[in-house]
Amino acid sequence: MIRVADLAFRYRPDSDELFNGLTYTFQPGLLTAVTGASGRGKSTLLYVLGLMLSPSGGTVIVDGVDTRGLSDAHKSDLRARRIGFVFQDSALDPTRTLLESVIEPALYAGRTRRDAISPARVLLNRMGVEHRIDQRPGQISGGQAQRVALCRALINEPAMLLADEPTGNLDRVSAEGVISVLREASRNASVIIATHDPFVLEHVDEVLAL
Ligand SMILES: Nc1ncnc2c1ncn2[C@@H]1O[C@H](COP(=O)(O)OP(=O)(O)OP(=O)(O)O)[C@@H](O)[C@H]1O
Ligand SMILES: [Mg+2]
């Protein structure tokens, strides 16, 4: 479970404060959408929840552990084992094949390549990009890259899945595929989606408006 208490964040001492002391619990088993106009801090909230940015006020609590006092190494470890992240721009490594990109987090978490290949293929297949696995990000569309990034985020069966505009580049049928995978992931995870997409909003359990 992931919780924030009295959360505030500033990029710089002189920039606007985001989140206004937000206190919120993201329940396991639920899909939660984070909404709000462009610039309200949806992506930033995901980075803070993903322990990539540290709050300037308040705290993030992961599985009951207050992350405020944790070392960077401990945070990286929590991130690798518990958190899956899909960036707004996919952020896939251009030098790796898609299959390698999906497998990589499993290797960080201590699994062997052999153990990771079959679940990676299952995920890529469900996302409709299995025939592309030996290609590289420059050879696929933005929407396909987003789906590969989602596979990468899911390979370790994270307890928290953070997805930034995961349907941003997708047609309706592909968006349905993404929602169904997110829904399935939410059986064992808190799934948190930054989105403007009305189609996604129809399918989530909770909406957190920033
Ligand atoms: N690296 C950064 N350094 C300084 N300010 C930043 C940085 N990234 C974002 N900001 C600012 O922080 C605020 C929140 O940005 P953020 O990207 O979280 O918004 P968002 O709600 O995700 O917007 P969008 O819907 O356009 O993706 C904005 O005012 C933005 O200009
Ligand atoms: Mg954003």
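Residues numbered from 1 in each chain as written. Chains lettered and ligands numbered in written order. Predicted model: local features only at pLDDT ≥ 70, side-chain atom pairs only at ≥ 80, totals over all residues. Heavy atoms only, no water.

As a further point, take the packing of helix α3 (residues 98-108) against helix α4 (residues 113-126). The geometry of α3 relative to α4 is characterised by a closest axis approach of 9 Å and an angle of 130° between their N-to-C directions. As judged from the angle between their axes, α3 and α4 are oblique. The crossing of α3 and α4 is right-handed. Here Leu 99, Glu 100, Val 102, Ile 103, Ala 106 and Leu 107 of α3 come into contact with α4, specifically with Arg 113, Ala 116, Ile 117, Ala 120, Arg 121 and Leu 124. Among the residues forming the contact of α3 with α4, the class breakdown is nine nonpolar, no polar and three charged. (Axes fitted to C-alpha atoms, helices over the stretch in contact; angles between N-to-C directions. Helix = DSSP H or I, 4+ residues; strand = E, 2+ residues; numbered from the N terminus. Parallel < 35°, antiparallel > 145°, perpendicular 65-115°, else oblique. Left-handed = near helix turned anticlockwise from the far one by under 90°. Contact = heavy atoms within 4.5 Å. Nonpolar A, V, L, I, M, F, W, Y, C, P; charged D, E, K, R; others polar.)

Between side chains of opposite charge, a pair can form as their charged atoms come close. Summed over the entire model, instances satisfying the criterion amount to twelve salt bridges. Put simply, Glu 17 and Arg 10 hold a salt bridge, and the shortest N to O gap is 3.4 Å. We classify Glu 17 as partly exposed; its relative accessible area is 42%. Between Arg 126 and Glu 184 there is a salt bridge whose closest N-O contact spans 2.4 Å. You can see Arg 126 sitting in helix α4 and its partner Glu 184 sitting in helix α6 (residues 172-185), a full 58 residues away along the chain. Of the residues examined, Arg 126 reaches a relative accessible area of 38% and is grouped as partly exposed. (Salt bridge = Lys/Arg side-chain N within 4 Å of Asp/Glu carboxyl O. Buried < 20%, exposed > 50% of the residue type's maximum accessible area, 1.4 Å probe, protein only.)

Read from one edge to the other, the open sheet built from four strands follows the order β2-β1-β4-β5, with strand pairing classed as antiparallel. Only two strands of the sheet have a single neighbouring strand rather than two, namely β2 (18-26) and β5 (65-66). Bridge analysis of strand β1 (residues 2-9) against strand β4 (residues 57-62) gives five bridges, and the strand direction is antiparallel. Looking at the pairing, Ala 8 lines up with Gly 57 of β4. (Pairing = 2+ DSSP bridges.)

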